[in-house]
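Descriptive analysis of the structure
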Amino acid sequence: MISEKDLLAKVPTGLFIGGEWRDAPETFAVEDPSTGETLVEIANATVEDGKAALDAAVAAQEEWAATPPRTRSNILRDAFDLMQERRDEFALLMTLEMGKPLAESNGEVTYGGEFLRWFSEEAVRITGRYGLNPEGTGRMVVSQHPVGPCFLITPWNFPLAMATRKIAPALAAGCTVVVKPASLTPLTTLHFAKLLEDAGLPKGVVNVVTTKRTGPVSDAIIEDPRLRKLSFTGSTGVGQDLIAKSAKNVLRTSMELGGNAPFIVFDDADLDKAVDGAIAAKFRNIGQACTAANRFIVHEAVADEFARRVTEKVTAMRIGRGTEDGVTIGPLVNDAAVEKADRLVQDAVEHGAQLLHGGKRVESEGHFYEPTVVAGVPSEAEILREEIFGPVLAIAPFSTEDEAVAMANGVEYGLIAYAFTESLERGHRMIERLESGMVGLNAGVISNAAAPFGGVKQSGLGREGGLEGIHEYLNTKYTMMPA
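A quick note: this is a predicted structure, and the numbers were derived from the prediction, not measured.

Reading guide: rules and limits
Residues numbered from 1 in each chain as written. Predicted model: local features only at pLDDT ≥ 70, side-chain atom pairs only at ≥ 80, totals over all residues. Heavy atoms only, no water. Buried < 20%, exposed > 50% of the residue type's maximum accessible area, 1.4 Å probe, protein only. Helix = DSSP H or I, 4+ residues; strand = E, 2+ residues; numbered from the N terminus. Pairing = 2+ DSSP bridges. Right-handed = clockwise from strand over helix to strand, strands pointing away. Salt bridge = Lys/Arg side-chain N within 4 Å of Asp/Glu carboxyl O. Contact = heavy atoms within 4.5 Å. Axes fitted to C-alpha atoms, helices over the stretch in contact; angles between N-to-C directions. Parallel < 35°, antiparallel > 145°, perpendicular 65-115°, else oblique. Left-handed = near helix turned anticlockwise from the far one by under 90°. Nonpolar A, V, L, I, M, F, W, Y, C, P; charged D, E, K, R; others polar. Polar contact = N/O pair within 3.5 Å; in protein donor to acceptor, adjacent residues only side chain to side chain.

**Digging into the pairing of strand β10 (residues 229-233)**
For a regular strand, side-chain orientation follows a simple rule: the groups alternate between the two sheet faces. Counted residue by residue, β10 has 5 buried out of 5 residues, so it is predominantly covered. Across 4 bridges, the pairing between strand β7 (residues 150-153) and β10 is parallel. Across the sheet, the residue bridging to phenylalanine 151 is leucine 230, located in β10. Two elements, β10 and strand β11 (residues 252-256), share 5 bridges in a ladder whose sense is parallel.

Right, here's the structure in full:
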């Protein structure tokens, strides 16, 4: 495997605009969250840099839209193949800048790469329809066309998968893009841009701006009337602000926003499956995932046994730097994340919850918090209303199915819900009754490139992945021809 030093020396540190790597007058540091040390300094884009990136995307749009679908498909497939060759580099890079254990980073390379392969196949399957109108007076042609230049804002928690999940369908549809990765984890996106360059992507089709001036740079791009699409993954509050700003130019928007996922365990559930599902749904990515189970709503008949079993597994988890063998819990992304997790745990305990394991920050140079289990959490505790985004498993009991559904649906979010039951009838009821864009029925991990990812209510708009994903980057055009 490549050394950390050699890998960081390979990663571009400039802005990628119009197919050229360029410096900026200022730089900012990217930190290793497990040590607090600086990994590398990278370009800090200005508003003018953001405008130049959009200029490049606009200039490349017409030619890229006219590029044969098979050519676009082949470039994406070549990018997929290159990612498999460089998977060790991408996995190590994500662990260095984000902190997740290396095994999970390898899993993200697999997951993120699948969007390249999936949308390479979808690029050649963009279809329309043709037919006589009902009156017999004309023929209807319905066709699909690229939306146009897109602005893609990606989050810090899945730096590769969130980039490929947005970039791949845009390219497959014939759109050019400006990408702004999170300033906490920008290196993976820069490394991916270099991969796309090596795969033969034409200049200006993908442009990357890294910046700490997030608001001014983003606003300048969004306000430009040449931009036609905005895609954002992040908090609901920021998403609401971006939707408001996008209204001026009536931009197409895709918003994958906050979550507060319920994880319901019924009294007839297979507890072995439920416990394994709970560990996967809660502690993947150190709990820093919008799909992470937030509220474990467990039937009172099995709540104690469920708590005992999950606590046993959590107690065995090893905390440390993600590059170390056997580590299952890496650092949180920054000190604010540690403080938030601790605040929510202490509030739950003050309201009467029982602390079964963990419950405090780890004293070190990095941003670590103990994997934690709290049981008997009362309804007034903040931990049941606020997204945790950390390694804390909070259990609240229920008595009836109606009560469980009411608890699950009683928040403003609706990204994903999990339900464990051995009853087929109850399972179907959960699919119908749970207010969420996705459901894990007896499953703790559901993400797949072939499936539509997205939520309802304040968890967002639109879908990423699946057959639906490419249509977020296409406009439908209807043409009438006389019969």
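What follows picks up the thread again.
**Some points on the pairing of β11**
For β11, the tally of buried residues reaches 4 of 5 residues, placing the bulk of the element in the interior. At this point the chain moves from β10, through helix α9 (residues 236-246), to the parallel β11, and the crossover so formed is right-handed. Looking at chain direction, β11 and strand β23 (residues 460-461) are connected through 2 bridges and run antiparallel. For methionine 255, the partnering residue across the bridge sits in β23 and is leucine 461.

**Some details on the pattern of salt bridges**
Under the defined criterion, the tally for this structure stands at 36 salt bridges. For glutamate 26, the salt bridge identified is with arginine 213, shortest N-O distance 2.6 Å. Of this pair, glutamate 26 sits in the loop between β2 (20-22) and β3 (27-31) while arginine 213 sits in the loop between β9 (206-208) and α8 (214-222); the two residues are 187 residues apart in sequence, bridging distant segments of the chain. Put simply, aspartate 267 and arginine 426 hold a salt bridge, and the shortest N to O gap is 3.9 Å. You can see aspartate 267 sitting in the loop between β12 (261-265) and α10 (271-283) and its partner arginine 426 sitting in helix α14 (residues 424-433), a full 159 residues away along the chain. When its relative accessible area of 16% is taken as the criterion, arginine 426 is described as buried. Each of Asp267, Asp268, Glu401, Asp402, Arg426, Arg429 and Arg433 takes part in one network of salt bridges that share partners.

**Comments concerning the environment of leucine 54**
Tracing the backbone shows leucine 54 in helix α2 (residues 47-66). The exposure class assigned to leucine 54 is buried, which follows from its relative accessible area of 1%. The spatial distance from the C-alpha of leucine 54 to the C-alpha of lysine 180 is 11 Å, given a sequence separation of 126 residues. Contacts of leucine 54, omitting those with residues within four sequence positions, involve Pro149, Val178, Ile221, Asp224, Arg226 and Leu227.

**Remarks on the packing of helix α3 (residues 69-85) against helix α5 (residues 102-122)**
It is at 7 Å that the axes of α3 and α5 come closest, and there the two elements cross at 160°. In terms of orientation, α3 and α5 fall into the roughly antiparallel class. When the axes of α3 and α5 are compared, the crossing they make is left-handed. Contacts between α3 and α5 involve Ser73, Leu76, Arg77, Ala79, Phe80, Met83 and Gln84 on the former and, on the latter, Val109, Gly113, Glu114, Leu116, Arg117, Phe119 and Ser120. For the contact of α3 with α5, a count of residues per class yields 7 nonpolar, 4 polar and 3 charged.

**Structural notes on the environment of arginine 309**
Along the chain, arginine 309 falls in helix α11 (residues 303-315). C-alpha separation for the pair arginine 309 and alanine 274, spaced 35 residues apart in sequence, amounts to 10.0 Å. Leaving out residues up to four positions away in the same chain, arginine 309 has contacts with Leu271, Asp272 and Val275. Polar side-chain contacts of arginine 309 include one of 2.7 Å to the side chain of aspartate 272.

**A short note on the packing of α5 against helix α6 (residues 161-173)**
In the contact formed by α5 and α6, the axes pass within 8 Å of each other and the chain directions differ by 5°. In terms of orientation, α5 lies roughly parallel with respect to α6. Contacts from Glu108, Tyr111, Gly112, Phe115, Leu116 and Phe119 in α5 reach Ala161, Thr164, Arg165, Ala168, Pro169 and Ala172 in α6. Residue composition of the contact of α5 with α6, by class: 8 nonpolar, 2 polar and 2 charged.

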